[in-house]
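Given next are the chains, with one letter for each unit.
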Amino acid sequence: MEFKDKSEIKYTISGHNPKYKNFPMVPRVVFGQGSFNQLGDILMAKRKHSDSPFIFLVDDVFEGAELAVRIPAIFCDQIIFISAEEEPKTHQVDALVQKIRNDFPEYVSGIVGIGGGTLMDLAKAVAIMLNNEGSSSVYQGWDLVGKPSVYHVGVPTISGTGAEVSRTTVLLGPKKKLGINSDYTTFDQVLLDPDLTQGVSKEQWFYTGMDCYIHCIESLNGSYLNAFSQSYGEKALELCKEVFLDGLTPSESRDKLMMASWHGGMSIAYSQVGVAHAMSYGLSYLLGVKHGIGNCLVFQHLAEFYPEGVALFKIMREKHEIHLPEGVCAHLSDEEFNTMISVSMGMVPLWENALGQDWRKIITPEKLRSIYQKI
Ligand code: NAD
Ligand code: ZN
């Protein structure tokens with residue numbers, strides 16, 4: 001989920017905020033089937049000495065799996081398996097940082113995240129916090145990180161979120177769910193090996209893949225759109241259509257969805273997401289609904305905002321026989337609806353991007369409630 005404030009987009013001209021965002025990009029990237037085998041060599045060049053380990057944060061779906069055996073852990077490197085059942089939390093990041101500091105009072109060589117958006121975000125946050133004091137919750141916001149993070153590498157094992165390219169790590173804190181948005185968040189190295197996505201279930205493949213599709217639709221139909229975002233968004237959308245509508249081989253499909261995720265992430269980096277993300281954020285905050293499925297639950301009901309995008313979404317959902325849960329909001333109280341509505345309406349830049357400056361004339365609490373009630 002992208003929750004950028006207006007200072008991150010090009011139309012802001014205020015105080016000391018620059019007019020145009022000076023956006024950091026991942027400086028090094030490897031792409032290709034089987035490229036995971038190169039990870040050991042890549043890390044070797046970054047090892048400080050044999051007592052300065054790499055810490056691998058790995059989705060626990062790989063515990064005992066073939067991939068775990070292939071992780072190039074040597075010397076005193078540590079592999080920590082982490083569940084992606086729940087979205088990352090600030091206290092989880094703080095506990096991991098504490099553990100790593102206790103185990104290795106000297107410097108670590110770096111952090112490697114292996115998994116989906118959840119593990120990408122945890123790896124980014126831990127890398128930041130190893131070099132910055134206090135709780136990670138203090139840094140939720142925009143450009144609050146003072147010191148560069150330790151070297152960190154992202155190895156995605158599922159495609160769609162764009163977390164591998166973004167300058168944010170979305171965390172649930174004690175008071176808010178918000179990203180640590182900073183120039184130090186972005187990975188130093190990403191390794192894109194489409195083979196790693198082979199074990200993903202069909203449902204999860206669809207939900208996380210649709211996150212990418214929805215990034216494209218929201219970016220390309222937003223008022224913040226510019227040639228930078230458009231160029232990446234159009235490419236990502238084209239790739240999504242190939243993956244979800246054409247008869248690609250599984251291998252081609254994995255390659256293309258991994259690149260769609262990358263381009264989709266680049267597209268929203270320089271624009272913004274829209275209605276589905278703003279409403280999905282409310283669902284996630286109240287009910288813990290995960291990002292990909294939450295976006296799908298909302299997006300199916302947004303034909304009035306994104307008519308073509310929603311029509312195509314329905315075709316893709318039917319083609320892949322995905323049945324979304326129903327009645328998710330059926331038993332919510334007035335208070336719970338109001339919580340979701342106020343969280344969603346707080347996403348001002350997303351609404352502005354989607355509907356322009358006068359979005360409040362269209363989006364009222366009653367309007368949002370009527371959409372949530374359909375979910
Ligand atoms: P995820 O990391 O939550 O994983 C979803 C499920 O897929 C998990 O059960 C996981 O174990 C499983 N899985 C992952 N790879 C697998 C594989 N190869 N084989 C079998 N199972 C596998 O999924 P996601 O949709 O990639 O990430 C969602 C998270 O990403 C949310 O926390 C969201 O907030 C975050 N996000 C971050 C950004 C960003 O820019 N930082 C952008 C969008 C979303
Ligand atoms: Zn998203």
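Residues numbered from 1 in each chain as written. Chains lettered and ligands numbered in written order. Predicted model: local features only at pLDDT ≥ 70, side-chain atom pairs only at ≥ 80, totals over all residues. Heavy atoms only, no water.

Caption draft 1: Seen up close, the layout of surface pockets. Taken as a whole, the largest pocket spans an internal volume of roughly 880 Å³. Lining the largest pocket we find 39 residues, and of these Gly116, Thr118, Ile158, Gln204 and Lys290 sit closest to its centre. Looking at which element gives the most residues to the lining of the largest pocket, the answer is helix H5 (residues 202-220), with five residues. Across the lining of the largest pocket, the residue classes break down as 12 nonpolar, 18 polar and nine charged. (1 Å grid on protein atoms, 1.4 Å probe; cavity = no way out; pocket = protein on both sides within 12 Å on 5 of 7 lines; lining within 4 Å. Points joined across faces, edges and corners; volume = space filled by probe spheres on them. Helix = DSSP H or I, 4+ residues; strand = E, 2+ residues; numbered from the N terminus. Nonpolar A, V, L, I, M, F, W, Y, C, P; charged D, E, K, R; others polar.)

Caption draft 2: View of unusual backbone geometry. Positive phi, close to 45 degrees, is recorded for phenylalanine 75, a residue that is not glycine. Here phenylalanine 75 is to be found in the loop between helix H2 (66-70) and strand E3 (78-82). You will see that aspartate 143, though not glycine, has its phi angle at about 55 degrees, which is positive. Relative to the elements of secondary structure, aspartate 143 occurs in the loop between strand E5 (141-142) and strand E6 (152-156).

Caption draft 3: Structural context of the packing of aromatic side chains. If you walk through the whole model with that rule in mind, you get 10 aromatic pairs. Summarising the aromatic geometry, the rings of tryptophan 205 and phenylalanine 244 are spaced 4.7 Å apart at their centres and angled 40 degrees between planes, so their arrangement reads as tilted. Separated by 39 residues along the polypeptide, tryptophan 205 in helix H5 and phenylalanine 244 in helix H6 (residues 227-245) bring together distant segments of the chain. Residue phenylalanine 244 is classed as buried on the basis of its relative accessible area of 0%. Ring geometry for phenylalanine 228 against tyrosine 232: centres 5.3 Å apart, planes inclined by 50 degrees, an arrangement best described as tilted. Pair noted here: phenylalanine 228 and tyrosine 232 are both in helix H6, with a separation of four residues, about one helical turn. Every member of this aromatic cluster is reached through a ring pair, and the members are Trp205, Phe206, Tyr213, Phe244, Phe299, Tyr306 and Phe313. (Phe/Tyr/Trp six-rings, centres within 6.5 Å; stacked < 30°, edge-to-face > 60°. Buried < 20%, exposed > 50% of the residue type's maximum accessible area, 1.4 Å probe, protein only.)

Caption draft 4: Representation of the environment of glutamate 318 in the model. Relative to the elements of secondary structure, glutamate 318 occurs in helix H10 (residues 307-319). Accessibility expressed as a relative area gives 53% for glutamate 318, which makes it exposed. It is 37 Å that separates the C-alpha atoms of glutamate 318 and alanine 125, two residues lying 193 residues apart in sequence.

Caption draft 5: Spotlight on the coordination of the zinc ion (ligand 2). Of the protein atoms, only Asp211 (OD), His215 (NE2), His277 (NE2) and His291 (NE2) coordinate the zinc ion (ligand 2), at distances of 2.1 to 2.2 Å. Geometry at the zinc ion (ligand 2) is irregular, judged from its four donor atoms and the angles of 87 to 162 degrees they form at the metal. (Donors = N, O, S within 2.8 Å, 3.2 Å for Na, K, Ca; no water. Tetrahedral: all angles 85-135°; square planar, octahedral: opposite > 155°, others 65-115°.)

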